[in-house]
Amino acid sequence: MNLKTSTPRRNPKLSTPTSLGADATRDISGALNALLADFFALYLKTKNFHWHVSGPHFRDYHLLLDEQADQLYATTDPIAERVRKLGGTTVRSIGHIGRLQRVSDNDAEYVTPLDMLAELREDNARLADRMRETHGVCDEHGDVATSSLLEVWIDEAERRAWFLFEASRPGETPGR
Ligand SMILES: [Fe+2]
């Protein structure tokens, strides 16, 4: 991970007191802000595919992706507030998200429904991997609260990947 670009700027007026120490603030905030950018990027990609999906399974895919987008969006505020509780600052704009995100955008004019599901499944699996890495950073600093949140969010990412996998099985009716 590129800590240089994801470490928040320090401003004494925004430094919430924390007993975890300055190293924890720097390392965990940096990792969480990169994750936050990934959640926003994946939220918008999931909405993009929700809006542009087509074909015979339209209703199932359209609804599945909306459900997943809602879950991704619901995670953004707790991540940002966790950064503030740790004394860091968090993302301020779409431009800031663009500089931190590791999830790649898909601006293609047309994507087949099965390619949409496969791409999102891969993105969610990578997101789970990055959250596991961040869990390791939290463990180093004894930040059990962030670790505990991450455990729930990893499970949710794995659930999204599971649904996307099952829904894209050839010859199967999409499961919901
Ligand atoms: Fe919608």
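Remember, predicted model here, so these are calculated numbers, not experimental data.

### Quick notes on the environment of Ala24
- With respect to the element layout, Ala24 can be found in helix H2 (residues 22–52).
- For the pair Ala24 and Arg160, spaced 136 residues apart in the sequence, the C-alpha separation amounts to 30 Å.
- When neighbours within four sequence positions are excluded, Ala24 is seen to be in contact with Ser29 and His141.

### Observations concerning the packing of aromatic side chains
- If you walk through the whole model with that rule in mind, you get two aromatic pairs.
- Aromatic pair Tyr43 and Tyr73: ring centres 5.2 Å apart, planes at 40 degrees, arrangement tilted. With a gap of 30 residues between them, Tyr43 in helix H2 and Tyr73 in helix H3 (residues 58–85) connect regions that are remote in the sequence.
- With a centroid separation of 5.2 Å and an interplanar angle of 90 degrees, the aromatic rings of Trp162 and Phe163 are classed as edge-to-face.
- A relative accessible area of 51% means that Trp162 is categorised as exposed.

The rules behind these values
Residues numbered from 1 in each chain as written. Predicted model: local features only at pLDDT ≥ 70, side-chain atom pairs only at ≥ 80, totals over all residues. Heavy atoms only, no water. Helix = DSSP H or I, 4+ residues; strand = E, 2+ residues; numbered from the N terminus. Contact = heavy atoms within 4.5 Å. Phe/Tyr/Trp six-rings, centres within 6.5 Å; stacked < 30°, edge-to-face > 60°. Buried < 20%, exposed > 50% of the residue type's maximum accessible area, 1.4 Å probe, protein only.

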